[in-house]
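As a plain string of letters, each chain reads:
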Amino acid sequence: MSEQPLNPTPAGSHDAPPTDETPTGPARTGSTAADALADAPNHEAAADAPADEAAALRAASFERARRLRMEPRFPGGPAADPAGSHHERRIRSFQPRRSRVTTGQQESLERLWPKWGLDIDGRRVLDLTELFDGLPVVLEIGFGMGEATAQMAADDPGTGILAVDVHTPGQGNLLGLADKAGSTNVRVANGDAVILLREMLAPESLDGLRVFFPDPWPKARHHKRRLIQPDFLDLVAPVLKPGAIVHCATDWEPYAEQMLEVLTAHPRFENTAADGGYAPRPAFRPLTRFEGQGLDKGHVVHDLLFARV
């Protein structure tokens, strides 16, 4: 579901490469080529007009283009800017990706979003007991295309998964996979996981947190964008039940080292590994296609499991 100095990513998973933020999927319902031309900045008209009038024309055309970008791509589906006025300028750990939505993903969004989807708008506290019919709930931040999430949901129908990402094709894909498997224990949240953690979850309402293969932001100047930071853990700790597990996984060695250092130093979390290091991959975490490709290249995947104390 990632500007922000600690934000998730959610989106954060790097299963799919980021693209620009311009939607390239199916046209919005009710829009036409004429509409698109009308909304585009009319630079020629502005150039021929007097200075004041030209400035007003430019401002109006850019405002129309901005509103168009903010419209939902699928009416009744995930919002383009769910937090709206709650949006804050901060360094984000995720980059919105607006890659092409397939026909199947679009159908899943239109059919299943009203039932299993929610926007992170920061305006209410979620009742997870009602949302998941009394199941214990694990939050997953950044699920890519959703294959691993769908498999975990199918393998463990007694656990609810609140899966957060900002990648529209991935949201549609996960909804479709869950529906095909007959899984009813997945809810897909669209937006900024920091807003979700800070404003929309009750204290001690989660039974776990999963962050699998978040963007490693490998360049030193981008390390501030990494999700697992002390401030992020400060947000996470209050919404986890005592004993709840924070499970992180990465194939980026320097990021694994940072994760281990940050989690070990935080007073609200305790390493479940007896030697204070990395944990073996739990059987319930699927070996994803992305992970398999990394292993084929000689990457080493590290799992970290820390309990909230």
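Nothing here was measured: the structure is a model prediction, and the numbers come from that model.

## Concerning the overall build of the protein chain
Turning to step 1, where the next piece is worked out: Broken down by element type, the protein chain carries 11 helices and 8 strands.
Turning to step 2, where the next piece is worked out: For the protein chain, the accessible area works out to roughly 14,300 Å², and carbon and sulfur atoms hold 54% of it.

## What to know about the packing of aromatic side chains
Given two aromatic rings, one states the distance between the centres and the angle between the planes to describe the pair.
Turning to step 1, where the next piece is worked out: Across all of its chains, the model carries 0 aromatic pairs by this definition.
Turning to step 2, where the next piece is worked out: In this arrangement the basic side chain of Arg-225 is found over the ring face of Trp-217, its NZ or CZ atom lying 5.3 Å from the centre.
Turning to step 3, where the next piece is worked out: Directly above the aromatic system of Phe-212 lies the positively charged group of Arg-285, at a separation of 5.8 Å from the ring centroid.

## Quick notes on the sheet that holds strand 6 (residues 240–250)
Remark on secondary structure: sheet strands pair via backbone hydrogen bonds, oriented parallel or antiparallel.
Turning to step 1, where the next piece is worked out: In space, the 8 strands of this open sheet follow the order 1-4-3-2-5-6-8-7, with mixed pairing throughout. Strands with a single pairing partner mark the edges of an open sheet, and in this sheet they are strand 1 (117–119) and strand 7 (269–271). With strand direction ignored, the average angle separating the axes of adjacent strands in the sheet is 25 degrees.
Turning to step 2, where the next piece is worked out: Alignment of strand 6 against strand 8 (residues 302–308), held across 6 bridges, turns out to be antiparallel. When the bridges of strand 8 are listed, Cys-248 appears paired with Leu-304.
Turning to step 3, where the next piece is worked out: Against the sheet, helix 6 (residues 147–155) contacts strand 2 (137–141), strand 3 (160–165), strand 4 (186–190) and strand 5 (206–212), and its axis sits at roughly 170 degrees relative to strand 3.

## Topic: helix 10 (residues 253–265)
Turning to step 1, where the next piece is worked out: Helix length check: helix 10, at 13 residues, gives a terminal C-alpha distance of 18 Å against a target of 18 Å (1.5 Å per residue), a fit within 8%.
Turning to step 2, where the next piece is worked out: Listed as buried for helix 10 are Tyr-255, Ala-256, Gln-258, Met-259, Leu-260, Val-262 and Leu-263.
Turning to step 3, where the next piece is worked out: The inward-facing, buried residues of helix 10 abut helix 9 (230–239), strand 6, strand 7 and strand 8.

## Examining the environment of Phe-213
Turning to step 1, where the next piece is worked out: By secondary structure assignment, the location of Phe-213 is in the loop between strand 5 and helix 9.
Turning to step 2, where the next piece is worked out: Put simply, Phe-213 and Ala-249 are 36 residues apart on the chain and 5.6 Å apart in space, counted from C-alpha to C-alpha.

## A few points about the packing of helix 6 against helix 7 (residues 168–181)
Turning to step 1, where the next piece is worked out: Close contact between helix 6 and helix 7 brings their axes to 9 Å; oriented N to C, the two are set at 30 degrees. What the angle tells us is that helix 6 and helix 7 run roughly parallel. Taken as a pair, helix 6 and helix 7 cross one another with a handedness that is right-handed. Every residue of helix 7 that contacts helix 6 at Glu-147, Thr-149, Ala-150 and Ala-154 is listed here: Asn-173, Leu-174, Leu-177, Ala-178 and Ala-181.
Turning to step 2, where the next piece is worked out: Of the residues assigned to the contact of helix 6 with helix 7, the class counts are 6 nonpolar, 2 polar and 1 charged.

## Overview of the confidence of the model for the protein chain
Turning to step 1, where the next piece is worked out: Here the protein chain averages 82 in pLDDT, and 74% of its residues register 70 or above.
Turning to step 2, where the next piece is worked out: Here residues 1–41 scores under 50 on pLDDT; set against residues more than four positions off or in separate chains, the count is 147 contacts.

## Here we look at the pairing of strand 6
Turning to step 1, where the next piece is worked out: Where strand 5 and strand 6 come together, 6 bridges link them in parallel fashion. Residue pairing in the sheet places Gly-208 in a bridge with Ile-245 of strand 6.
Turning to step 2, where the next piece is worked out: Regarding topology, helix 9 serves as the crossover connection from strand 5 to the parallel strand 6, and that connection is right-handed.

## Considering the side chain of Asp-165
Turning to step 1, where the next piece is worked out: Tracing the chain through its elements places Asp-165 in strand 3.
Turning to step 2, where the next piece is worked out: By relative accessible area, which is 0% here, Asp-165 ends up buried.
Turning to step 3, where the next piece is worked out: Within the local environment of Asp-165, its side chain forms a polar contact with the backbone nitrogen of Phe-143, the two atoms lying 2.9 Å apart.

## Concerning the pattern of salt bridges
Turning to step 1, where the next piece is worked out: Applying the stated criterion across every chain, the model contains 8 salt bridges.
Turning to step 2, where the next piece is worked out: The salt bridge involving Glu-107 is made with Arg-111; its shortest N-O contact spans 2.6 Å. Placement of the pair is Glu-107 and Arg-111 together in helix 4 (residues 103–116), with a separation of 4 residues, close to one helical turn.
Turning to step 3, where the next piece is worked out: Its relative accessible area of 35% is what places Glu-107 among the partly exposed residues.
Turning to step 4, where the next piece is worked out: According to the relative accessible area criterion, Arg-111 is partly exposed, its value standing at 42%.
Turning to step 5, where the next piece is worked out: The residue Arg-308 makes a salt bridge to Glu-204 at a minimum N-O spacing of 3.4 Å. Here Arg-308 is found in strand 8, whereas its partner Glu-204 is found in the loop between helix 8 (193–200) and strand 5, with 104 residues between them in sequence.

## Thoughts on the environment of Glu-204
Turning to step 1, where the next piece is worked out: Glu-204 sits in the partly exposed class, given a relative accessible area of 40%.
Turning to step 2, where the next piece is worked out: Not counting the four nearest positions on each side in its chain, Glu-204 is found in contact with Pro-238, Val-239, Leu-240, Lys-241, Pro-242 and Arg-308.
Turning to step 3, where the next piece is worked out: Here the side chain of Glu-204 touches Arg-308 through a polar contact of 3.4 Å, side chain to side chain.

## Some points on the packing of helix 4 against helix 7
Turning to step 1, where the next piece is worked out: Running from N to C, helix 4 and helix 7 cross one another at 75 degrees; their axes reach a closest spacing of 8 Å. The angle between helix 4 and helix 7 falls in the class roughly perpendicular. Contacts between helix 4 and helix 7 involve Gln-105, Ser-108, Leu-109, Arg-111, Leu-112, Trp-113 and Trp-116 on the former and, on the latter, Thr-168, Pro-169, Gln-171, Gly-172, Asn-173, Leu-175, Gly-176, Ala-178 and Asp-179.
Turning to step 2, where the next piece is worked out: Class assignment for the residues of the contact of helix 4 with helix 7 results in 7 nonpolar, 7 polar and 2 charged.

Rules used throughout
- Residues numbered from 1 in each chain as written.
- Predicted model: local features only at pLDDT ≥ 70, side-chain atom pairs only at ≥ 80, totals over all residues.
- Heavy atoms only, no water.
- Helix = DSSP H or I, 4+ residues; strand = E, 2+ residues; numbered from the N terminus.
- Areas by Shrake-Rupley, 256 points an atom, 1.4 Å probe, with all protein chains shown as cover.
- Phe/Tyr/Trp six-rings, centres within 6.5 Å; stacked < 30°, edge-to-face > 60°.
- Lys NZ or Arg CZ within 6 Å of the ring centre and 35° of its normal.
- Pairing = 2+ DSSP bridges.
- Axes fitted to C-alpha atoms, helices over the stretch in contact; angles between N-to-C directions.
- Contact = heavy atoms within 4.5 Å.
- Expected span 1.5 Å × (residues − 1).
- Buried < 20%, exposed > 50% of the residue type's maximum accessible area, 1.4 Å probe, protein only.
- Parallel < 35°, antiparallel > 145°, perpendicular 65-115°, else oblique.
- Left-handed = near helix turned anticlockwise from the far one by under 90°.
- Nonpolar A, V, L, I, M, F, W, Y, C, P; charged D, E, K, R; others polar.
- pLDDT = per-residue confidence, 0-100.
- Right-handed = clockwise from strand over helix to strand, strands pointing away.
- Polar contact = N/O pair within 3.5 Å; in protein donor to acceptor, adjacent residues only side chain to side chain.
- Salt bridge = Lys/Arg side-chain N within 4 Å of Asp/Glu carboxyl O.

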